[in-house]
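Below, each chain spelled out in residue letters.
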Amino acid sequence: MGLFSHSRKEPHIALLIDIGSGSVGASLISYSYTKDGTLEKPVVLYALRKSFTLTASASYDQLITLMRKNLREILGTIHDVKLGIPDKVYTVLSAPWYTSQTRTIVYNKKPAFVVSEKLVNDLVKKEIDFFKETVATEIEGEAYIIENTIQSLTLNGYSLTDPIGKKAEELKISLFLSLSPRQVIDVIHEEVEQIYRLKKIQFSSGGACCFVSLRDVFPNEESFIVVSVGSEVTDVVLVRNHTLATAFTFPKGSHSVYRTISESLSIDLQDAKTRALLCENGHASAEMIRTVSPLLLKARSEWVDMFSKSLSMYVNDLSIPHTVFVLAPNDLGCWYRDSIVNESFHQYTLTEKDFNVILVGSETLHEYITQKDGVTQDSFMSLQSLFIRRYLDN
């Protein structure tokens, strides 16, 4: 059974909520089936994103307040346009609203043992409990598990899709886990229930969503990197052999660019953002280019340096894939793509090739989704709509 229980013959409307590090987005998406039960391309009926007010810094409690405020306003707007009533809500959380780990469980025993469903469940539960304990200090309040995915199981070194009932001396389980502060989950439930009276919400991490969707769109790419640039944080996912190998974040996003300009020129953040985008879009005056361009280069260098060092830390002594998918705010997408293309990473990694950098946007995804006339393209939510579609198609 898929995530959403409904007749395959009936159309389905989903409310997709994207909680970013500095914005909240939401889309109303229609999923329909052909007469033979084949799921058609999702149709985005309406999409809206609201950014948090730019500030020099913000506490966790302030971010929660801003997230709640923007979510309430967006849900109210989507409800008022009256384009359909969703029967399911799907929410994707980006850092810092979640933390994740890929963990490997190894169980050895002689003589050979029979693999049972209870054994697998007990091992996974033990690992989940350990995960919650190890990250307890990284989150605010109670932890809420949002994903618990077995990626692969091997018996005596051989990968099997159904190991139950088979004998082995070694069982190895690759497990992807993610969790979020309970407070974040509760806030989203409260705001959704106030507008739509829907109590069940399916949560997912941004890392897992990007991995699954891009793997489906690019099935020939066995290994790749996903760089998802948020307002305050950048999420990075490393995929090897169609498996999510590791995921990590570093604390620099698009707002870091504007802060670099703001602090150097002693101007407010909104003015800094305006000048940065004028330079990036080729509409700045000569004087503005003279003062702002060096600061954009400084911001690029700082972001690339942190990205490179993070790769080196998490990849260790392994070579990394040369295909890189980049998701970023629409106004800075090309800037981040070029930041990776124009820099050399050989000093930090063992990659033998220059990166093949693909900016994920309307050109990448137009074959897979349909936008209703007038709907603004949002690469993050477009990719997430494919994530939902995949599960509806199961």
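Nothing here was measured: the structure is a model prediction, and the numbers come from that model.

(A) Representation of the sheet that holds strand E6 (residues 143-155). In spatial order, the strands read E5-E8-E6-E7; together these 4 strands make up an open sheet with antiparallel pairing. Because the sheet does not close on itself, it has two edges, and the strands there are strand E5 (99-114) and strand E7 (158-159). Bridge analysis of E6 against E7 gives 2 bridges, and the strand direction is antiparallel. Within E7, the residue paired with Thr154 across the bridge is Ser159.

(B) Representation of the sheet that holds strand E9 (residues 201-205) within the structure. A sheet is described by the order of its strands in space; here 6 strands give the open sequence E9-E4-E1-E2-E3-E15, paired in mixed fashion. With partners counted over all chains shown, the strands left at the sheet margins are E9 and strand E15 (370-371), one partner each. Helix H1 (residues 60-81) contacts strand E1 (12-19), strand E2 (23-31) and strand E3 (43-51) of the sheet and is inclined by roughly 150 degrees relative to E3.

(C) Here's a closer look at the environment of Ile261. Of note, Ile261 is situated in helix H5 (residues 254-265). Of the residues examined, Ile261 reaches a relative accessible area of 0% and is grouped as buried. Between the C-alpha atoms of Ile261 and Lys298, which are 37 residues apart in sequence, the distance is 9.3 Å.

(D) Spatial organisation of the nonpolar core. Ranked by internal contacts, the top residues of the largest apolar core, which has 38 residues, are Ile225, Val227, Tyr258, Trp303, Tyr336 and Ile340. For this core, the elements supplying multiple residues, two or more each, are strand E10 (224-229), strand E11 (234-240), strand E12 (243-250), H5, helix H6 (269-280), helix H7 (286-315), strand E13 (323-327) and helix H8 (333-341). The leading source of residues in this core is H7, at 10 residues. With sequence-adjacent residues up to four places away left out, Ile225 is seen in contact with Val236, Val237, Leu238, Leu311, Ile320, Pro321, Thr323, Val324, Phe325 and Phe355. Of all hydrophobic cores here, the second largest spans 37 residues; its members include Ile29, Cys210, Val237 and Leu244.

(E) Broad picture of the state of the cysteines. Applying the stated criterion to the full structure yields 0 disulfides. Cys210 takes part in no disulfide bond, and the closest cysteine sulfur to it belongs to Cys209, at a distance of 5.4 Å. Take Cys210: its relative accessible area is 8%, and that puts it in the buried class.

(F) Structural context of the environment of Tyr31. Take Tyr31: it is sitting in strand E2. Among the residues examined, Tyr31 registers a relative accessible area of 0% and is labelled buried. The spacing of Tyr31 and Ser21 is 10 residues in sequence and 28 Å in space, taken between C-alpha atoms. Beyond its immediate sequence surroundings of up to four residues, Tyr31 is in contact with Glu10, Pro11, His12, Ala14, Leu39, Pro42, Ser385, Ile388, Arg389 and Leu392. At 2.9 Å, the side chain of Tyr31 and the backbone oxygen of Ser385 are in polar contact.

(G) Representation of the pattern of salt bridges within the structure. This model, assessed by the stated rule, comprises 18 salt bridges. Measuring nitrogen to oxygen at the nearest pair gives 4.0 Å for the salt bridge that ties Arg182 to Glu142. On the criterion of sequence distance, the pair formed by Arg182 in helix H3 (residues 182-196) and Glu142 in the loop between helix H2 (117-134) and E6 is long-range, its members being 40 residues apart. Classification of Arg182 by relative accessible area gives partly exposed; the value is 28%. We classify Glu142 as exposed; its relative accessible area is 51%. Residue Lys199 is joined to Glu193 by a salt bridge in which the shortest nitrogen-to-oxygen separation is 3.5 Å. Accessibility expressed as a relative area gives 63% for Lys199, which makes it exposed.

(H) Representation of helix H4 (residues 206-217). Over its 12 residues, H4 extends 16 Å from the first C-alpha to the last, a length consistent with the 16 Å expected when each residue adds 1.5 Å. Burial analysis of H4 places 11 of its 12 residues in the buried class, which makes it a mostly covered element. What H4 keeps buried is the set Gly206, Gly207, Ala208, Cys209, Cys210, Phe211, Val212, Ser213, Leu214, Arg215 and Val217.

What counts as what
Residues numbered from 1 in each chain as written. Predicted model: local features only at pLDDT ≥ 70, side-chain atom pairs only at ≥ 80, totals over all residues. Heavy atoms only, no water. Pairing = 2+ DSSP bridges. Helix = DSSP H or I, 4+ residues; strand = E, 2+ residues; numbered from the N terminus. Contact = heavy atoms within 4.5 Å. Axes fitted to C-alpha atoms, helices over the stretch in contact; angles between N-to-C directions. Buried < 20%, exposed > 50% of the residue type's maximum accessible area, 1.4 Å probe, protein only. Core = buried A, V, L, I, M, F, W, Y, C linked by side-chain atoms within 4.5 Å. Disulfide = S-S within 2.5 Å. Polar contact = N/O pair within 3.5 Å; in protein donor to acceptor, adjacent residues only side chain to side chain. Salt bridge = Lys/Arg side-chain N within 4 Å of Asp/Glu carboxyl O. Expected span 1.5 Å × (residues − 1).

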